[in-house]
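For reference, the chains in residue letters:
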Number of protein chains: 2
Amino acid sequence: MTPSMMTCVMHFGEMGSRWGFNRTVGQIYALLILSEEALCADDIGATLSFSRSNVSMGLKELQSWRLVNLVHKPGDRKEYFTTPNDMWDIVKTIIEERRKREVDPTLTLLRSTLVEPPQNEEEAYAQKRMQQMLGIIEQATSWADDIQSMDSDTLARLFKLGVGVGKVLQIGEKLTGGGK
Amino acid sequence: MTPSMMTCVMHFGEMGSRWGFNRTVGQIYALLILSEEALCADDIGATLSFSRSNVSMGLKELQSWRLVNLVHKPGDRKEYFTTPNDMWDIVKTIIEERRKREVDPTLTLLRSTLVEPPQNEEEAYAQKRMQQMLGIIEQATSWADDIQSMDSDTLARLFKLGVGVGKVLQIGEKLTGGGK
DNA sequence: CTGTAATTTCAGTAATTTCTGAAAATTGTA
DNA sequence: TACAATTTTCAGAAATTACTGAAATTACAG
């Protein structure tokens, strides 16, 4: 671990805590991403000065997010961990998991609320707002689905399109027959 | 506050805590979104059973995110708060603020690390990974910039395009002369 | 099956974050 | 300016979350 690697690991520890992971999990994941070889729990604990059990819990969390790959070395009983080579796969997995954990329950809640007729003026307005939220979330998720279905190269090209997205919009609407 | 409104407010309280706000801030904001009239701090505290000072801190946090509008009623000294009518404006502001608080510092860190030549093999690999991260984050932010520059209608039309985005990609690349 | 290496669980503790009430500061009005 | 209404600050309390070490469990080699 060189100092600049350590700085990066610490930074992702801080950032992780703003993204729903805790500091430990953020640091472990950054370390795994920056390391060429697979690391075992003891390696991680020694490098980051976490207790063995803390590392175990962090790795379990990362596994529940499907963000690490478990590998075994021949003639070695320990479990070693790696991260996907393609960074896009990591991003896609995070989007997928956050959707499952956060977005889907919200969709369910909003939909079930909106099937009930409003009881009064106040609720009628609240439902109008909930309808707006629902619309945005539905659009965003259907669009996230599209992203999930693209391979990394296509996705990278789409992003590279950059400001062109605006220009392309009109043509897209003609093609799909959408827009008014 | 009808029961279904309260359910929604509580839900966003829970969700808020996964998005870097605390429960209080999430509940206050959900309440403001669902309420047609502007609310003052006392209204909010009474409805959600928070202390006056807790409401004050929550509103301060929301103001620092530029997510609430401060309004005054004639002949009334209290401060009242509302949320933007257009839900897209809310989403755009959140993207903008998260970028400022989380993405920009990360970009700075990665860039400053990557200008230093690697000291050894280990660091060379780490830099390769950091370069991948940097590439993705740069692409994502330039694309977020495009979104910021669109008005709500354009944005909504883009999302509605849905799966068409894939099809449109090839044409886009011809137009902008990008891709290989 | 036995023994050992490794991982996981979990109860208790430490650290952090959130929340409150009281006091201070600010704002607008007469 | 003085006063009252309102908001903000902040030190400490309460609640939550993270972390540890010890014990339990699992996995595998012989």
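Up top is the structure.
Here the structure is a predicted model, which is why all the values come from computation and not from measurement.

J.: In this structure, what is going on with the overall build of chain A? I would like to understand it.
T.: Within chain A, the regular secondary structure consists of eight helices and three strands. Order of helices (α) and strands (β) in chain A, N terminus to C terminus: α-α-β-α-α-β-β-α-α-α-α.

J.: Would you mind showing me how to read the protein's contact with DNA strand D here?
T.: Around DNA strand D, the surrounding shell holds 16 residues, and the nearest of these are Thr24, Ser51 and Ser53 of chain A together with Arg52 and Arg77 of chain B. Sugar and phosphate atoms form 58% of the subset of DNA strand D atoms that lie within 4 Å of the protein. Between DNA strand D and arginine 23 of chain A there is a distance of 3.0 Å, counted from a phosphate oxygen to a side-chain nitrogen or oxygen. Contact between DNA strand D and arginine 52 of chain B: a phosphate oxygen at 2.6 Å from a side-chain N or O atom of the residue.

J.: Can you help me understand the protein's contact with DNA strand C in this one?
T.: Residues in contact with DNA strand C amount to 16 residues; listed here are only the nearest, Arg52 and Arg77 of chain A together with Arg23, Thr24 and Ser53 of chain B. The protein-proximal atoms of DNA strand C, defined as those within 4 Å of the protein, are 57% sugar or phosphate. Glutamate 79 of chain A places a main-chain nitrogen or oxygen 3.1 Å from a phosphate oxygen of DNA strand C. For the surface near DNA strand C, the secondary-structure elements that each account for two or more residues are helix 4 (52–64) of chain A together with helix 2 (23–34) and helix 4 (52–64) of chain B. Tallying contributions element by element places helix 4 of chain A first for the surface near DNA strand C, with four residues.

J.: What is the right way to look at the nonpolar core in this model?
T.: Inside soluble globular proteins, nonpolar side chains tend to come together where they are buried. Counting residues in hydrophobic clusters, the biggest one holds 86 residues, and the most contacted among them are Leu34 and Ile44 of chain A together with Leu34 and Ile44 of chain B. Contacts of leucine 34 of chain A, omitting those with residues within four sequence positions, involve Met5, Cys8 and Val9 of chain A together with Tyr125, Ala126, Arg129, Met130 and Met133 of chain B.

J.: I tried to follow the packing of aromatic side chains on my own but got confused; where do I start?
T.: Each aromatic ring pair is described using two quantities: the centre-to-centre distance and the angle formed by the ring planes. On inspection of all chains with the given rule, the structure shows four aromatic pairs over all chains. Arranged with centres 6.3 Å apart and planes meeting at 45 degrees, the rings of tryptophan 19 of chain A and tryptophan 19 of chain B form a pair that is tilted. One end of the pair, tryptophan 19 of chain A, is in the loop between helix 1 (3–18) and helix 2 (23–34); the other, tryptophan 19 of chain B, is in the loop between helix 1 (3–18) and helix 2, on a second chain. Here phenylalanine 21 of chain A and tryptophan 65 of chain A contribute two aromatic rings whose centre-to-centre distance is 4.9 Å and whose plane-to-plane angle is 65 degrees, an arrangement assigned as edge-to-face. Remark: tryptophan 65 of chain A occurs in the loop between helix 4 and strand 2 (69–71) and phenylalanine 21 of chain A occurs in the loop between helix 1 and helix 2; sequence separation between them is 44 residues.

J.: Would you mind going over the sheet that holds strand 3 (residues 80–82) of chain A with me for this structure?
T.: Backbone-to-backbone hydrogen bonds join strands into a sheet, with any given pair of strands oriented parallel or antiparallel. All names here are of chain A. Strand order in the open sheet formed by three strands is 1-3-2, and the pairing between neighbours is antiparallel. Strands with a single pairing partner mark the edges of an open sheet, and in this sheet they are strand 1 (39–40) and strand 2. Where strand 1 and strand 3 come together, two bridges link them in antiparallel fashion. In the sheet register, cysteine 40 faces strand 3, and the bridge partner there is tyrosine 80.

J.: Just to check I follow, could you spell out unusual backbone geometry for this structure?
T.: Negative phi characterises most residues that are not glycine, and trans characterises most peptide bonds. The phi angle at serine 49 of chain A is positive, at roughly 55 degrees, despite the residue not being glycine. Note that serine 49 of chain A resides in the loop between helix 3 (41–48) and helix 4.

J.: Looking at this model, I keep getting lost on the sheet that holds strand 1 (residues 39–40) of chain B. Mind explaining?
T.: Residues and elements named next belong to chain B. If you trace the three strands from one edge of the open sheet to the other, you get 1-3-2, paired in antiparallel fashion. Each having just a single partner strand, strand 1 and strand 2 (69–71) make up the two edges of the open sheet. Pairing of strand 2 with strand 3 (residues 80–82), which is carried by three bridges, proceeds in the antiparallel orientation. Across the sheet, the residue bridging to asparagine 69 is threonine 82, located in strand 3.

What counts, and where the lines are drawn
- In this convention, every chain numbers its residues from 1, walking through the sequence in written order.
- The lettering of chains begins at A and the numbering of ligands begins at 1, in the order of writing.
- Only residues with pLDDT of 70 or above have their local features reported here, since the model is predicted, and side-chain atom pairs are shown and tallied only from 80 upward, although totals for entire chains, interfaces and linings are computed over all residues.
- As a rule here, side-chain values come from all non-hydrogen atoms in the structure, and water together with hydrogens is ignored.
- Only DSSP runs of H or I with at least four residues qualify as helices, and only runs of E with at least two residues qualify as strands; both kinds are numbered from the N terminus onward.
- We define proximity as follows: a residue is near a molecule or strand when any one of its heavy atoms falls within 4 Å of that partner.
- Pairing of N or O atoms within 3.5 Å defines a polar contact, subject to two protein rules: one partner must be a possible hydrogen donor and the other a possible acceptor, and residues neighboring in sequence count only if both atoms are side-chain atoms.
- We call a set of buried residues a nonpolar core when its members are Ala, Val, Leu, Ile, Met, Phe, Trp, Tyr or Cys and they connect through side-chain atoms within 4.5 Å of each other.
- Partly exposed describes any residue whose relative accessible area lies between the buried limit of under 20% and the exposed limit of over 50%, with all areas from a 1.4 Å probe on protein chains only and scaled to the type maximum.
- By definition in these notes, contact holds between two residues if any of their heavy atoms fall within 4.5 Å.
- For this analysis, a ring pair means two rings from Phe, Tyr or Trp (six-membered ring only for Trp) whose centres lie within 6.5 Å, classed as stacked if their planes differ by under 30 degrees, edge-to-face if by over 60, and tilted for the remaining angles.
- Strands pair, by our definition, only if DSSP identifies at least two bridges between them.

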